[in-house]
Amino acid sequence: MSKTTGSPQAPSWDRPIAARRAHSEATRRTPTPPGRMPTVEETISAWLSARGFAPSSAVGAHQHLESGRALGWRAQHGIVTIDQFSAAAATDYVLYLRDRGAAPATLRKVKTLLASLAAFCAETPGYQTG
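Within every chain, residues take consecutive numbers counted from 1 along the sequence as written. Reporting of local features is limited, given that this is a predicted model, to residues whose pLDDT is at least 70; pairs of side-chain atoms are given and counted only at 80 or more, and all residues count toward the totals for whole chains, interfaces and linings. Calculation of side-chain values draws on the structure's entire complement of heavy atoms; hydrogens and water are dropped beforehand.

A. Just the overall build of the protein, in detail. Secondary structure elements follow DSSP: runs of H or I of four or more residues count as helices, runs of E of two or more count as strands, with numbering from the N terminus. Broken down by element type, the protein carries 5 helices and 0 strands. Each helix and strand of the protein, ordered N terminal to C terminal, gives the series α-α-α-α-α. A separation of at least 24 residues holds for 65% of the contacts in the protein among residues at least 6 apart in sequence. Exposure was quantified through the Shrake-Rupley algorithm and a 1.4 Å probe, taking into account, for residues, occlusion by the shown protein chains and nothing else. About 8,000 Å² of surface is accessible on the protein, with carbon and sulfur atoms providing 55% of the total. Pairs of residues are marked as contacts when any of their non-hydrogen atoms sit within 4.5 Å.

This is the structure:
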């Protein structure tokens, strides 16, 4: 018998946030071909590589920004490339997490990670938006 979490109609990524989750491995940097706007996932990988996080910090950042929940939310909102992930979209994502029951510390961490990602994009050629 399978155990369901969340409502029966909600996608698996759109369920209330559990108190504790297992860590996943951070992705490797994926080079972006010139002239093409990088995806959000490619940008996160490049940012993690450039920032030089400790391995455990990189795993934590990856867990917050590339979890199934984050990927599902971005897919539902049609966000594929980094230029589509605006400040307003980042705010909406944080509010979504709050509405799903994320802890205040998690919300602060995600906001800090998104601000650092935005700074990376503003400073790094090829990842600048607008």
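Back to the text.
B. View of the packing of helix α3 (residues 68-76) against helix α4 (residues 87-99). Relative to each other, α3 and α4 sit at 125°, their axes nearing to 11 Å. Taken as axis vectors, α3 and α4 run oblique relative to one another. The interaxial crossing formed by α3 with α4 has right-handed handedness. Where α3 approaches α4, its residues R69, A70 and W73 are matched on the opposing element by A89, D92, Y93, Y96 and L97. All amino acids are sorted into three groups, where Ala, Val, Leu, Ile, Met, Phe, Trp, Tyr, Cys and Pro are nonpolar, Asp, Glu, Lys and Arg are charged, and the leftover types, Gly among them, are polar. Looking at the contact of α3 with α4 residue by residue, the class counts come to 6 nonpolar, no polar and 2 charged. The axes used here are C-alpha line fits, helices contributing only the stretch in contact, and every angle between their N-to-C directions lies in the interval 0 to 180 degrees. If an angle is under 35 degrees, it is roughly parallel; if it is over 145, roughly antiparallel; if it lies from 65 to 115, roughly perpendicular; otherwise it is oblique. Definitions for this section: a left-handed crossing has its near helix turned counterclockwise from the far helix by less than a right angle. A right-handed crossing has that turn clockwise.

C. Seen up close, the packing of helix α1 (residues 40-51) against helix α5 (residues 104-123). Where α1 contacts α5, the axes come no closer than 10 Å and their chain directions differ by 90°. With respect to their mutual orientation, α1 and α5 come out roughly perpendicular. Two secondary-structure elements touch here, α1 through T43, I44, A46, W47, A50 and R51 and α5 through L113, S116, L117, F120 and C121. For the contact of α1 with α5, a count of residues per class yields 8 nonpolar, 2 polar and 1 charged.

D. Inspection of helix α2 (residues 55-65) at higher detail. Three labels apply to residues, based on accessible area from a 1.4 Å probe with only protein chains included: buried if under 20% of the type maximum, exposed if over 50%, partly exposed otherwise in between. Among the residues of α2, A58, V59, G60, A61, H62, Q63 and L65 are the ones counted as buried. For α2, the secondary structure elements touched by its buried residues are α1, α3 and α5.

Read these as layout, nothing more, since geometry by itself doesn't imply function.
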